[in-house]
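# Examination of the molecular architecture
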Amino acid sequence: MSTNISSAATFFAIFSMVVILFTVSPCFSDPDMLTRLLYANVSSSDFFFSGLMEEADTDNIFGIGTSTGNVRTFPGLNTLGLSMSRIDFAPNGTIPLHTHPRASETGFVIKGEVLVGFISSRSIFYSKVLKAGEMFIIPKGLVHFQKNVGTGKATTMTAFNSHLPGTVILSTVFVTTPTVPDGILAQNFQVDETVIASIKAKFGVL
């Protein structure tokens, strides 16, 4: 009798552990989509995208061209928590300091040599020069940049865990509409207002 009781106790102990495992484990998995994907009024073209195939124009002050595959350009991404971008760099081209408020970013260097850096919430600067085939990760919301440090052109491909990660470029504080008062910017950056006026002039803002 005692042997049967012991076996039964062992069975129920194992059974209970299995139940707990399958009950608790979903709590540690990625969250489900906030909304269900609705298939009404969509076509095959909504689920395929060729917008990252061609090199983007880099003829601008930063020497970069960006092609984005997010929910605005690629409807099939709606609610899936995914998007991608292609960045093309002219020699010395730089993605200026910026953040993505709604997503972490992972990237892959396709061509060239790219310096990737970000600043942690504790003001620690992390950076490395990456070559073709190497990856990087930028945690959500942190200030970061990419810069072509090679001798020719460079290209990176990045992915985000949001269908619309958003981008906030830090230098936009100098080009807002209406403009942030020079005195406020001067006090924040601890410089004279003439310096702020000079920076705004470089962006074409008077």
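Predicted, not measured: the structure shown is a model, and the values here were computed from it.

## Digging into the nonpolar core
Soluble globular proteins tend to pack their nonpolar side chains together in the buried interior. Counting residues in each nonpolar core, the largest one holds 13 residues, and the members touching the most others are Phe89, Val114 and Val116. Elements with a minimum of two residues in this core: strand S2 (83-89), strand S5 (113-119) and strand S7 (135-138). Looking at which element gives the most residues to this core, the answer is S5, with three residues.

## Comments concerning the layout of surface pockets
By volume, the largest pocket is sized at about 420 Å³. Forming the boundary of the largest pocket are 23 residues, of which Thr66, Thr68, His98, His100 and Thr167 lie nearest the centre. Mapped by element, the contributors of at least two residues to the lining of the largest pocket are strand S1 (64-69), S2, strand S3 (94-99) and strand S9 (154-160). In terms of residue class, the lining of the largest pocket is built from nine nonpolar, 13 polar and one charged.

## Some words on the UniProt feature "binding site: oxalate" (unreviewed entry) in the chain
UniProt's entry tags His100 and Glu105 with the feature "binding site: oxalate" (unreviewed entry), counted in the numbering of this structure. Cross-referencing the annotated residues with the largest pocket identifies His100 and Glu105 as lining it. Secondary-structure assignment places His100 in the loop between S3 and strand S4 (105-111). In this structure His100 touches Glu105, Lys140, Gly141, His144, Phe160, Pro165, Gly166 and Thr167, once residues within four positions along its chain are discounted. Once residues lying within four places of it in the same chain are set aside, the contact partners of Glu105 are His100, Phe136, Ile137, Ile138, His144, Gln146, Thr158, Ala159 and Phe160. A polar contact of 3.1 Å, which involves the side chain of Glu105, links it to the side chain of His100.

## Observations regarding the packing of helix H2 (residues 182-189) against helix H3 (residues 193-202)
Relative orientation and spacing of two packed helices are given, respectively, by the angle between their axes and the distance between those axes. Taken N-terminus to C-terminus, the directions of H2 and H3 make an angle of 110 degrees; their axes are 8 Å apart at the nearest point. One element, H2, and the other, H3, form an angle in the roughly perpendicular class. Contact residues: H2 offers Asp182, Gly183, Leu185, Ala186 and Phe189, while H3 offers Glu193, Ile196, Ala197 and Lys200.

## Focus on the pairing of strand S8 (residues 143-148)
Pairing of S3 with S8 involves three bridges; the strand directions are antiparallel. Bridge assignment links Thr94 to a residue of S8, and that residue is Lys147. Where S5 and S8 come together, six bridges link them in antiparallel fashion. Across the sheet, Ile119 pairs through a bridge with Val143, a residue of S8.

## Some thoughts on the pattern of salt bridges
Scanning all chains against the criterion turns up four salt bridges. For the salt bridge of Asp88 with Arg86, the shortest nitrogen-to-oxygen distance reads 3.0 Å. By relative accessible area, which is 1% here, Asp88 ends up buried. Lys200 is the salt-bridge partner of Asp182, the closest N and O atoms lying 2.7 Å from each other. Of this pair, Asp182 sits in helix H2 while Lys200 is found in helix H3, placing the two residues 18 residues apart along the sequence.

Definitions and cut-offs
- Residues numbered from 1 in each chain as written.
- Predicted model: local features only at pLDDT ≥ 70, side-chain atom pairs only at ≥ 80, totals over all residues.
- Heavy atoms only, no water.
- Core = buried A, V, L, I, M, F, W, Y, C linked by side-chain atoms within 4.5 Å.
- Buried < 20%, exposed > 50% of the residue type's maximum accessible area, 1.4 Å probe, protein only.
- Helix = DSSP H or I, 4+ residues; strand = E, 2+ residues; numbered from the N terminus.
- 1 Å grid on protein atoms, 1.4 Å probe; cavity = no way out; pocket = protein on both sides within 12 Å on 5 of 7 lines; lining within 4 Å.
- Points joined across faces, edges and corners; volume = space filled by probe spheres on them.
- Nonpolar A, V, L, I, M, F, W, Y, C, P; charged D, E, K, R; others polar.
- UniProt positions renumbered as here; feature names shortened; annotations may be inferred.
- Contact = heavy atoms within 4.5 Å.
- Polar contact = N/O pair within 3.5 Å; in protein donor to acceptor, adjacent residues only side chain to side chain.
- Axes fitted to C-alpha atoms, helices over the stretch in contact; angles between N-to-C directions.
- Parallel < 35°, antiparallel > 145°, perpendicular 65-115°, else oblique.
- Pairing = 2+ DSSP bridges.
- Salt bridge = Lys/Arg side-chain N within 4 Å of Asp/Glu carboxyl O.

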